[in-house]
Amino acid sequence: MIRMRLDRGPAVPAAAVTFVALVLLGRQLAPYDPERPVAVPWSPPSGRLPLGADALGRDVLSRVVSGGARLLTVSLAASAAALLCGVALGLVAGWGSASVGRAVRWVCDLLLAVPALILALVLAVALPGATAVVVASVLSGAPLTARVVGARCAEVRDSGYVRSAIERGERTPTVLVRELLPAMSGLIAADAGLRLVTALQLATALAVLGLGPQPPAPDWALMLSENLPGASLNPAALLAPAVPLALTAWLPASAARAAGRRMGGAA
Amino acid sequence: MIPRALLRTVLLAVAATAVVFAATEILPGDMGDVRGAGRASAEDVARERERLGLDVPAPVRYLRWLGHLVRGELGRSLASGRPVADLLAERLPATAALVVGTLTVTVALTALALAVGFLRGGRGGALAPGLAAVPQAVYAAVLGAVLSGVLGWLPAVSLLAPGSSPWAQPRALVLPALTLALPSAAFATVLLRGALTDVLRLPHVADARTRGLPARLILRRHVAPFLLVPSVRVLALMTGWLTAGTALVETVYGYPGTGGLLVSSVAVRDVPVVQAAALIPAVIVLVGMLVADLLDTAGRHRPGRSRRMAPVATAGGAA
Amino acid sequence: MTAEGTALLEASGLTVCRAEDGSVLLDGVDLRVGPGEVLAITGASGAGKSTLLHALLDTLPAGLRRSAGTVRRRGGVVQPGADGRRWRRARCGYVGQDPAVALHPRWRVERIVGEELTGPRAERAQRVRQALELLGLDEEFARRRARELSGGQAQRVVLARALAAGPDILLLDEPTSAMDRDTARRVIEAVRARRGVPELCTVLVTHDPTLVRELADQVLRLSSPATPPLPPRALGPRVGERRSGALGAVLATRGLRVVRPDGAVLLEGADLDLVPGELTTVLGPSGSGKTSLLHALAGRRPATGGQVRLRGRALAPQAHHRRRDELRAVQLVGQHPAGELNPAHRIGRAVARPLRVLHGLDARGSAVAAAELLAAVGLTADLAGHRPHRLSGGQRQRVALARALAARPDVLLLDEPTSALDAASARVVLDLLDRLRAEGMAVLAVTHDPAVARRADQVLHLRGGWLVPHGPVDPLPTVTGRTS
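The structure displayed is predicted, hence computed values, not measured ones.

Draft legend 1. Examining the overall build of chain A more closely. In terms of regular secondary structure, chain A is built from 13 helices and zero strands. By residue count, 57% of the 267 residues in chain A fall in the buried class. Of the contacts made within chain A by residues no fewer than 6 positions apart, 70% connect residues no fewer than 24 positions apart.

Draft legend 2. Up close: the sheet that holds strand β15 (residues 330-333) of chain C. All names here are of chain C. Across the sheet, six strands lie side by side as β15-β16-β17-β12-β18-β19; this open sheet has mixed pairing. At either margin of the open sheet sits one strand with a lone partner, and together these are β15 and β19 (466-469). Recorded for the sheet is a direction-independent mean angle of 20 degrees between the axes of neighbouring strands. Bridge analysis of strand β12 (residues 279-283) against strand β17 (residues 442-446) gives four bridges, and the strand direction is parallel. Looking at the pairing, Val282 lines up with Val446 of β17. Running over the sheet, helix α12 (residues 290-298) touches β12, β15, β16 (411-415), β17 and β18 (458-463) and is turned about 150 degrees from β16.

Draft legend 3. Looking closely at unusual backbone geometry. The omega angle of the peptide bond from Pro215(A) to Pro216(A) is 10 degrees, so this bond is cis rather than trans. In this structure, Pro216(A) sits in the loop between α11 (185-208) and α12 (220-227). The backbone of Glu174(C) sits at a positive phi, close to 45 degrees, despite the residue not being glycine. As for its position among the elements, Glu174(C) is in the loop between β7 (169-173) and α9 (181-192). By C-beta crowding, Glu174(C) is classed as buried, having 22 other C-beta atoms within 10 Å. If you check the backbone angles, Arg311(C) has positive phi at about 45 degrees while not being a glycine. Inspection of the secondary structure assignment puts Arg311(C) in the loop between β13 (305-310) and β14 (313-314).

Draft legend 4. View of the pairing of β7(C). Residues and elements named next belong to chain C. The buried fraction of β7 is high, at five of five residues. Taking every second residue as pointing to the same face, both faces of β7 are buried, with Ile169, Leu171 and Asp173 on one and Leu170 and Leu172 on the other. Summarising the sheet, strand β6 (residues 92-95) and β7 pair through four bridges and their orientation is parallel. The partner of Tyr94 across the bridge, within β7, is Leu171. Sheet topology places β7 next to strand β8 (residues 201-205); five bridges connect them, and they run parallel. Looking at β8, one finds that Ile169 is bridged to Cys201.

Draft legend 5. Here's a closer look at the interface of chain B and chain A. Contact residues are listed per partner, giving 53 residues for chain B and 51 residues for chain A. Here the side of chain B that touches chain A is built from residues that sort into 39 nonpolar, 13 polar and one charged.

Draft legend 6. Spatial organisation of the environment of Leu432(C). Take Leu432(C): it is sitting in helix α18 (residues 423-438). What Leu432(C) contacts, discounting residues up to four positions off in sequence, is Ala376(C) and Val377(C).

Draft legend 7. A look at the UniProt feature "domain: ABC transmembrane type-1" (unreviewed entry) in chain A. As recorded in UniProt, the feature "domain: ABC transmembrane type-1" (unreviewed entry) lies at residues 72-256 of chain A. Helix makes up 80% of residues 72-256 of chain A and strand makes up 0%, while its end C-alpha atoms are separated by 17 Å.

Draft legend 8. Layout of the environment of Thr202(C). All names here are of chain C. You can see Thr202 is positioned in strand β8. Sequence spacing of Thr202 and Cys92 is 110 residues, and the spatial spacing of their C-alpha atoms is 9.7 Å. Contact partners of Thr202, with chain neighbours within four places excluded, come to Val38, Leu170, Leu172, Val191 and Arg194.

Draft legend 9. Up close: the nonpolar core. Counting residues in each nonpolar core, the largest one holds 252 residues, and the members touching the most others are Ala120(A), Leu121(A), Leu123(A), Val133(A) and Leu206(A). Element by element, the count of residues in this core is highest for helix α8 (residues 170-200) of chain B, at 17 residues. The next biggest cluster of nonpolar side chains, apart from the first, holds 65 residues, and it includes Leu103(C), Ala142(C), Val191(C) and Leu200(C).

Draft legend 10. Molecular detail of the interface of chain B and chain C. Chain B puts 10 residues into the contact, and the matching count from chain C is 14 residues. Elements with a minimum of two residues in the side of chain B that touches chain C: α9 (203-210) and α10 (215-253) of chain B. Here the side of chain B that touches chain C gets five residues from one element, more than from any other, and that element is α9(B). Broken down by class, the residue content of the side of chain B that touches chain C amounts to three nonpolar, four polar and three charged.

Draft legend 11. Looking closely at the sheet that holds β14(C). All names here are of chain C. Read from one edge of the open sheet, four strands run β11-β10-β13-β14, paired in antiparallel fashion. Where the open sheet ends on each side, the last strands, each with one partner, are β11 (265-274) and β14. Two strands pair when backbone bridges link them, and β13 and β14 are joined in this way by two bridges, in the antiparallel orientation. For Leu310, the partnering residue across the bridge sits in β14 and is Arg313. On the sheet, α12 packs against β10 (251-259), β11 and β13 and is oriented at approximately 120 degrees with respect to β10.

Draft legend 12. Seen up close, the UniProt feature "transmembrane region" (unreviewed entry) in chain B. Residue and element names in this part refer to chain B. The feature "transmembrane region" (unreviewed entry), as given by UniProt, occupies residues 96-119, 131-153, 173-192, 226-253 and 273-295 in the numbering adopted here. Annotated as 78% helix and 0% strand, the span residues 131-153 places its first and last C-alpha atoms 24 Å apart. When the span residues 226-253 is considered, its composition is 100% helix and 0% strand, and the gap between its end C-alpha atoms is 39 Å.

Draft legend 13. Geometry of helix α5 (residues 84-119) of chain B. With 36 residues, α5(B) should reach 52 Å at 1.5 Å per residue; the first-to-last C-alpha distance of 50 Å fits that figure. In the structure, α5(B) departs most strongly from a straight axis at Leu92(B), where the bend amounts to approximately 40 degrees and where the proline Pro93(B) lies between one and four residues downstream.

Draft legend 14. Quick look at the UniProt feature "transmembrane region" (unreviewed entry) in chain A. In the numbering used here, UniProt assigns the "transmembrane region" (unreviewed entry) feature to residues 71-94, 106-126, 132-150, 192-212 and 232-253 of chain A. With 100% helix and 0% strand, the stretch residues 132-150 of chain A has end C-alpha atoms that lie 26 Å from each other.

Draft legend 15. Focus on the environment of Glu439(C). All names here are of chain C. Relative to the helices and strands, Glu439 resides in the loop between α18 and β17. Judged by the 8 C-beta atoms lying within 10 Å of it, Glu439 falls in the exposed class. In this structure, the C-alpha to C-alpha distance between Glu439 and Gly277, residues 162 residues apart in sequence, is 6.8 Å.

Draft legend 16. Structural context of the packing of helix α5 (residues 69-95) of chain A against α11(A). Residues and elements named next belong to chain A. Where α5 meets α11, the closest approach of the two axes is 8 Å, and the angle between their N-to-C directions is 135 degrees. Taken as axis vectors, α5 and α11 run oblique relative to one another. Handedness of the crossing formed by α5 with α11: right-handed. Counting all contacts with α5, which are made through Leu71, Val74, Ser75, Leu76, Ala78, Ser79, Ala82, Leu83 and Val87, the residues of α11 involved are Ile188, Asp191, Ala192, Arg195, Leu196, Ala199, Leu200, Ala203, Thr204 and Ala207. Here the contact of α5 with α11 is built from residues that sort into 14 nonpolar, three polar and two charged.

Draft legend 17. View of the confidence of the model for chain A. Residues and elements named next belong to chain A. Put simply, chain A has an average pLDDT of 86, and 93% of its residues get 70 or more. For chain A, the element scoring lowest by mean pLDDT is helix α1 (residues 2-8), at 41; α5 scores highest, at 94. For the stretch residues 1-8, pLDDT sits under 50, and the model shows two contacts to residues farther than four places along the chain or on other chains.

Draft legend 18. Local environment of α12(C). Residue and element names in this part refer to chain C. Of all nine residues in α12, nine are buried; the element is thus mostly enclosed. Within α12, the full set of buried residues consists of Lys290, Thr291, Ser292, Leu293, Leu294, His295, Ala296, Leu297 and Ala298. Positive backbone phi, at 80 degrees, marks Gly299, one or two positions downstream of α12.

Draft legend 19. Quick look at the confidence of the model for chain B. Residues and elements named next belong to chain B. Across chain B, the average pLDDT comes to 80, with 79% of residues at 70 or higher. Every residue in residues 301-319 scores below 50 in pLDDT, and together they form 41 contacts with partners more than four places removed in sequence or on other chains. Scored by ipTM, the complex comes to 0.84, with pTM at 0.77.

Draft legend 20. Structural context of the pairing of β8(C). Residues and elements named next belong to chain C. With five of five residues buried, β8 is to be regarded as a mostly interior element. Every second residue of β8 is oriented toward a common face, with Cys201, Val203 and Val205 on one face and Thr202 and Leu204 on the other, all of them buried. Relative to β8, strand β3 (residues 38-43) is paired through four bridges, and the arrangement is parallel. Paired with Val38 across the two strands is Thr202, which belongs to β8. Between β7 and its parallel partner β8, the chain crosses via α9, and the hand of that crossover is right-handed.

Reading the values: the criteria
- Residues numbered from 1 in each chain as written.
- Chains lettered and ligands numbered in written order.
- Predicted model: local features only at pLDDT ≥ 70, side-chain atom pairs only at ≥ 80, totals over all residues.
- Helix = DSSP H or I, 4+ residues; strand = E, 2+ residues; numbered from the N terminus.
- Buried ≥ 20, exposed ≤ 12 C-beta atoms within 10 Å, placed from the backbone.
- Contact = placed C-beta atoms within 7 Å.
- Pairing = 2+ DSSP bridges.
- Axes fitted to C-alpha atoms, helices over the stretch in contact; angles between N-to-C directions.
- Nonpolar A, V, L, I, M, F, W, Y, C, P; charged D, E, K, R; others polar.
- UniProt positions renumbered as here; feature names shortened; annotations may be inferred.
- Core = buried A, V, L, I, M, F, W, Y, C linked by C-beta atoms within 7 Å.
- Expected span 1.5 Å × (residues − 1).
- Bend = angle between axes of the 7 residues up to and from the residue.
- Parallel < 35°, antiparallel > 145°, perpendicular 65-115°, else oblique.
- Left-handed = near helix turned anticlockwise from the far one by under 90°.
- pLDDT = per-residue confidence, 0-100.
- Right-handed = clockwise from strand over helix to strand, strands pointing away.

Structure (structure tokens):
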């Protein structure tokens, strides 16, 4: 069982890298300029425009393939920042004394009192949309990561291999980096997926609310709100961005779940 | 225990106000700059700042603002000049109706998903995390396209006459409520599934199985009572997040509630309105958590016992 | 009716194995309990006694499965699944090994005992009262909740629940383990009352020879090859000599005291001398604090009181306060092969690490030395590139040993060093230890394994918190005495 999963292991990162590369470089693949009208507004799908045209007659396919880069970049940056802060806080909480752990948990509780979307909206008053997403992801995601990592760290701290590392005189930073982090890699990978999902949700919400990229920029989230009025004329214009957006969220979520289960099984 | 839980809630509420205040007022580009943007000279900006009280240090301004807040003085909208309290009061019933309707659907869907999970012995459940991950806007788009665009069953825009009861047009509620409820139910299921798995691992549940009790009795007597507190916690969390989520659906569907007000105020940097509207979901989360804590304490007849249920809000995700 | 048909409970060829690796826990067990009979199941701990009860009831925990065999009641086969469940509910009473945690945490005793009773309320209350009274629990107990009961009281509550329902088949797993003699007597009487009643039968798992003697109509002894009885060669006389040689001890303790966080005293006033070149073994029931002794010596979990001295110098109680050379000198190999190795590290790297940290070897030198150590513990060179999850428990145990040896310690502390090893690998490991001892290493092993104890220069027994020389032992040790 375990061997099978590990053999399949490299396929998942490879697929993920391919997907990310496709989304980031999508604009090069677009058949038309995504910001220029090329047909009658709300043209249904045809041989020339496989997904039809949107409200201004722009090619939906070109807009879809170019529309994920910014969203994904912002989400990846936001989740990486949240993860880094969270892991650092979690190590401090789990490795430090009980009172340090309590203090960190207390700070985390404080930050979690405000829902992430509200935080992002409030931050968007003064900050540009992308920055607001990053800051809100860190403020609302890092405490969650810190909790999980801290709890696991407190467990692993008492395991035989960490103890024997201490008993051969390894220094604390070495123990943390060499013993604890690798042993928690599955957990951290799972959490990274969840952070990415949260960041993506925030970035999408802000874009739909008009606080992210501005028209005529192609963006999946923006396309959702732009093309909603024409749902009955060209449903493809609405579903075309919805599908890759849902996939981009679904894949890291299920990867996170798989990583979490593998780790739970290994104990 | 009870005063301690209360104290904690009050502290967290103060922290929430501090976060909201810090986010809106301390960051670069305050109201003075915005109002004067481009057109005004440096002196005009300074005068405007003084008029708005922005020349005072931030901590002092925060305490002043908190003092007003405690007395229920929410200030006036910078955009319309109307009292913020009036603006909110007009829109609260609509949002409350939306949240209540959504919660009902969410609770029903979650209960169904959990019952299925229990009957399958706590295994499986790959669907819920995936559904919870998909951004709310996708639900809005797909449901809007199908129910309103293609099938034409529901109005695409949920406009209500100002001041009219939201219950007068229940059809206007359906799309926004469904859009909010589907991902929320998926997320609540993810959170409670963990709690369910924990309860199923409790020794007395295994013992009841060994004694041959049928599944429905085990669920009713030996499992459900232990899910009460986690459920209330998740309910509190979901209520807060749903209230936050109204910002999106109200804007998309044009439903006249506080969420939509928050978004439009953010767009024009109407800080007093943003501050007040942002605190509503935060307060709901905190009050819900307080209720869960009190229930937890009441269920534990003797204080100081080890906490069996860890806080459930560890899985992450935005509303 | 044939003789076969009259058995109330009968199992044939019952085989249970671990789903994960297919290792067999119970191999083709047959048993047969006739009307009015009491069957006692005995055997060393780990022999699968509790597993057998669960296999009979079709309630094996996740991870175990019944791969062969059938269970019959009054001649009819009990089908796994819904049929088995209904049979358990209607006909069987079960008292598990750790009933205190298996009670509904929020209910009062009266509700727990009466959960499955039917009939008018007054009648049910009456039956609950009778069942509790029978076992010496009065009215006052009926109002208590699970956490207000001691271990022995919880056992009686669960037994009362089982008896109140009047089950045809009663299965008891160590029903008196947490009770004093007088209370145990009541349980014995309650079970004895079932003997000879033709509709009833009882299956009793126990270590206690008294219970077997007084109750059993027949005895089924489960044996497991991994845990044969205690060492045949008692080394009592030599212990006295050893005491005089204490001056040369490399590691010694004086008045060592270890208290668990909940206040239970595990070790009291322990004086221990480990002499270079000698093997000391500590025997004792599980849960008696053997591992805590090792942890106190290694500084993993500091002792509550007393002193640990290395070559006469007092050691800091906690490992991270000890100097690097002191750390090197004392190495511990823990008990759980799964937890000893970092799942993320390859074996070769794990074993090479102490050589690099403590002895300054470079990457190449440490890799060569690590390969030698792996060979010395009987592992092939190709394992060095694997991560721990590819290894069996026994292989991991030997890797952990190799890693400890890589520090080149003066004192080696071993926690059940052969628990996961087959006889041949155990011999390789013990021979290696003999060679290392010839070079002056002192070894302290906590063990159940007579093969280890047989090679010991000093055998100690940890009993009731006291470390005593292993002399003539009571023929019937009260194995289950110290449960809190």
